[in-house]
Amino acid sequence: VEETYIMIKPDGLQRGLVGEVISRFEKKGFLLKGLKLFQCPKELAEEHYKDLKSKNFFPKLIDYITSGPVVCMVWEGVGVVASARKLIGSTNPLQAEPGTIRGDLAVQTGRNVVHGSDSPENGQREIALWFKEGEVCQWTPTVGPWLRE
Ligand code: GTP
Ligand code: MG
């Protein structure tokens, strides 16, 4: 099954949105397999966002992500990568649809509360980057038959 890396950015933690964000993924029916609070070092932030290195906002992005602890998560589910991106909404919160996390809870691209992997490959890359061996748990929810026929 597919996994994705979801991260509540420092603004989400500061604004008390941790429970709200986790709740949306839980209610959707995805499976939480990894969860930790973490102060991200600059080097890790740069590696995570390395594809954006040439962008003019890159230094600001690194400052933002390292400005306080983040909440790191691994979520599992069928089609979870694309579905999580839909739940999160467009990068610019003013363009994100109401009902999405960014559409409901944020107003600026530079303070958009949450990250989600953009492909299954990047999901695996990011999980390996943010979690150590043994920090991701395998478990079987008893609700399984009520989510999938
Ligand atoms: P992530 O899930 O965080 O990867 O966001 P995304 O996939 O919707 O967007 P993208 O990967 O293109 O950009 C990564 C992050 O960089 C965004 O979520 C923003 O926090 C930040 N970012 C992107 N574009 C801009 C910009 O034009 N200005 C600023 N200040 N930040 C930006
Ligand atoms: Mg991205």
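Residues numbered from 1 in each chain as written. Chains lettered and ligands numbered in written order. Predicted model: local features only at pLDDT ≥ 70, side-chain atom pairs only at ≥ 80, totals over all residues. Heavy atoms only, no water.

**Digging into helix 5 (residues 80-88)**
Our working definition: Burial here depends on accessible area, computed with a 1.4 Å probe over protein chains only, as a share of the maximum for the residue type. Under 20% is buried, over 50% is exposed, and the range in between is partly exposed. Helix and strand definitions here come from DSSP, where helices need a minimum of 4 consecutive H or I residues and strands a minimum of 2 consecutive E residues; each element is numbered from the N-terminal end. The arc under discussion is defined with respect to the helix axis, by the directions toward the C-beta atoms. Whether two residues are in contact is decided by their heavy atoms, any of which lying within 4.5 Å being enough.
Along helix 5, the residues classified as buried are Val80, Val81, Ser83, Ala84 and Ile88. Burial along helix 5 is one-sided: seen end-on, the buried residues are contained in an arc of 165°. Turned more than 90 degrees from where helix 5 packs its buried face, Ala82 and Lys86 sit exposed. Contact partners of the buried residues in helix 5: strand 1 (3-8), helix 2 (18-28), strand 3 (70-76), helix 6 (101-105), strand 4 (114-116) and helix 7 (120-130). Of the residues one or two after helix 5, Gly89 is the one with positive phi, at around 95°.

**Here's the deal with the state of the cysteines**
Let me state the cut-off plainly: Pairs of cysteine sulfur atoms within 2.5 Å are identified as disulfides in what follows.
Counted by the stated rule, this structure contains zero disulfides. The structure places no disulfide on Cys40, whose sulfur is separated from the nearest cysteine sulfur, that of Cys72, by 7.7 Å. Just so you know, Cys137 is unpaired, no disulfide at all, and the nearest cysteine sulfur is the one on Cys72, 14 Å from it. Residue class for Cys137 comes out partly exposed when judged on its relative accessible area of 43%.

**Quick look at the nonpolar core**
To keep things clear, this is the line we draw: Think of a nonpolar core as a cluster: buried Ala, Val, Leu, Ile, Met, Phe, Trp, Tyr and Cys residues, connected wherever their side-chain atoms sit within 4.5 Å.
In this structure, Ile6, Phe25, Met73, Trp75 and Ile101 are the most contacted members of the largest nonpolar core, which totals 20 residues. Residue assignment for this core shows that the elements contributing at least two residues are strand 1, helix 2, strand 3, helix 5 and helix 6. The element contributing the most residues to this core is helix 5, with four residues. For Phe25, the residues in contact, after removing those within four places along its chain, are Ile6, Phe30, Trp75, Ala84, Leu87, Ile88 and Ile101. Within the second largest apolar cluster, 17 residues are counted, among which are Cys40, Ile62, Cys72 and Val74.

**A short note on the UniProt feature "binding site: ATP" (unreviewed entry) in the protein**
Heads up, the rule is: UniProt positions are given in the numbering used here, feature names are shortened, and annotations may be inferred rather than shown by experiment. Using a 1 Å grid laid over the protein atoms alone, points where a 1.4 Å probe fits but cannot get out form a cavity; open sets with protein on both sides within 12 Å along at least 5 of 7 lines form a pocket; any residue with an atom within 4 Å of a point counts as lining.
Under the present numbering, the feature "binding site: ATP" (unreviewed entry) in UniProt falls on Lys9, Phe57, Arg85, Thr91, Arg102 and Asn112. As for the lining of the largest pocket, the annotated residues named previously contribute Lys9, Phe57, Arg85, Thr91, Arg102 and Asn112. For Thr91, the location among the structural elements is in the loop between helix 5 and helix 6. We classify Thr91 as partly exposed; its relative accessible area is 46%. If we ignore the near neighbours within four places in the chain, the residues touching Thr91 are Arg102, Thr109 and Asn112. Along the chain, Asn112 turns up in the loop between helix 6 and strand 4. Taking relative accessible area as the criterion, Asn112 reaches 3% and is therefore assigned buried.

**Here we look at the packing of helix 2 against helix 5**
Convention followed: In this description, a line fitted to the C-alpha atoms serves as the axis of each element, helices being fitted only across the stretch in contact, and the angle between N-to-C directions of two axes falls anywhere from 0 to 180 degrees. Our angle categories are set so that under 35 degrees counts as roughly parallel, over 145 as roughly antiparallel, 65 to 115 as roughly perpendicular, and the remainder as oblique. Less than a right angle of anticlockwise turn of the near helix away from the far helix marks a crossing as left-handed, whereas a clockwise turn marks it as right-handed. Charged means Asp, Glu, Lys or Arg here, nonpolar means Ala, Val, Leu, Ile, Met, Phe, Trp, Tyr, Cys or Pro, and polar covers whatever is left, Gly included.
Put simply, helix 2 and helix 5 touch, their axes get as near as 11 Å, and they point 135° apart. It follows from the interaxial angle that helix 2 and helix 5 lie oblique. Seen from above, helix 2 lies across helix 5 with right-handed handedness. Only Ser83, Ala84, Leu87 and Ile88 of helix 5 make contact with helix 2, whose side of the interface consists of Arg24, Phe25 and Lys28. Across the contact of helix 2 with helix 5, the residue classes break down as four nonpolar, one polar and two charged.

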